[in-house]
Amino acid sequence: MKILALETSAKAVSAAVSENGRILASGYQDTGLTHSRTLMPIVEHILKNTDLKLSDMDAIAVAVGPGSFTGIRIGVSAAKGLAFSVDKPAVGVSTLAAMARNAAFADGLIVCAMDARRSQVYNANFSAENGVLTRLTPDRAVSLDELAEEIRNDPRPITLVGDGAHLVYARFTEQGIPCRMAPPHLIMQNATSVALEAEALAAQGKLVSAQELEAFYLRPPQADPLKKKPAPIQ
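Only a predicted model underlies this, so the values are computations on that prediction, with no experimental measurement involved.

Conventions we followed
Residues numbered from 1 in each chain as written. Predicted model: local features only at pLDDT ≥ 70, side-chain atom pairs only at ≥ 80, totals over all residues. Heavy atoms only, no water. Salt bridge = Lys/Arg side-chain N within 4 Å of Asp/Glu carboxyl O. Buried < 20%, exposed > 50% of the residue type's maximum accessible area, 1.4 Å probe, protein only. Helix = DSSP H or I, 4+ residues; strand = E, 2+ residues; numbered from the N terminus. Core = buried A, V, L, I, M, F, W, Y, C linked by side-chain atoms within 4.5 Å. Contact = heavy atoms within 4.5 Å.

**Student:** Account for the pattern of salt bridges, with residues named and values stated.
**Tutor:** According to the stated counting rule, one finds nine salt bridges in the structure shown. Among the salt bridges present, the one from K53 reaches D56, with a minimum N-O distance of 3.9 Å. Judged by its relative accessible area of 29%, D56 is partly exposed. Of the charged contacts, one joins R171 and E174 as a salt bridge, the two residues approaching to 3.7 Å between their closest N and O atoms. Taken together, the residues R171 and E174, both in helix α5 (residues 165-174) and three residues apart, mark about one turn of the helix. Classification of R171 as partly exposed rests on a relative accessible area of 21%.

**Student:** Could you give me a rundown of unusual backbone geometry, with the residues and numbers involved?
**Tutor:** Here the amide bond leading from G65 into P66 is cis, since omega sits at 5°, within 30 degrees of zero. Among the secondary structure elements, P66 is positioned in the loop between β4 (59-65) and α2 (69-85). Even without a glycine there, the phi angle at N130 is positive, about 55°. Position of N130 relative to the elements: it lies in the loop between β7 (120-129) and β8 (132-135). The exposed category is assigned to N130, whose relative accessible area is 64%.

**Student:** Explain the nonpolar core to me, using residue names and the numbers behind them.
**Tutor:** Ranked by size, the top nonpolar core spans 63 residues in total, and within it L4, L6, I158 and F172 carry the most contacts. It is α2 that provides the largest number of residues to this core, a total of seven residues. In this structure, I158 is in contact with L109, V111, I151, F172, I177, P178, C179 and R180, ignoring residues within four places of it in sequence. In terms of nonpolar packing, the next biggest core, distinct from the first, is built from 12 residues, A61, A195, A198 and L201 among them.

Now the structure itself:
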């Protein structure tokens with residue numbers, strides 16, 4: 001199964017193509033330019049250099065959130081357009097579940113965190129054992145103190161991933177909770193992990209049409225404060 005995956009949920013932007021658990025190509029950019037300028041050139045580049053066409057893909061995957069409202073909108077809109085243009089299904093991937101795959105090699109507790117401002121992080125926790133991840137919490141917005149209290153007595157080694165990992169590390173260290181940051185090249189969310197998570201979801205039959213693909217904000221965008229919050233991704 002070939003999947004084109006997009007990741008636009010934070011400052012960096014990336015795209016990747018996977019086939020049956022193997023990453024064929026990927027592109028990553030963190031230069032401060034808007035995702036609307038950088039995403040499609042990356043997609044075009046990796047398809048051209050793998051001698052593949054969009055129609056060769058079996059599905060289009062995208063990190064649907066949580067994360068930057070603007071970034072998520074750009075990524076989801078692009079994925080919907082790409083999937084619709086070649087009549088392919090789509091896969092909506094939790095940003096946090098995808099980034100957990102970066103640290104699946106580290107047995108213990110994987111704490112995924114994105115900076116949600118207001119002394120909070122978007123968070124989900126996973127256990128990792130022999131490369132197999134098990135979700136422990138839904139995607140959620142939680143305060144740093146609440147997160148620290150929740151796992152204070154967990155005896156497992158703790159690995160932090162995500163653009164909010166440094167915030168969690170500082171708070172945990174301050175409160176005497178031992179933890180470690182993932183290596184620099186694995187700490188940030190990226191499209192390679194989105195592709196691998198999408199393959200797992202596709203194997204479970206969790207494909208949707210381009211029209212059905214939706215963003216998952218956790219918090220309503222500031223411009224739409226009355227929008228109903230979606231159910232957590234399980």
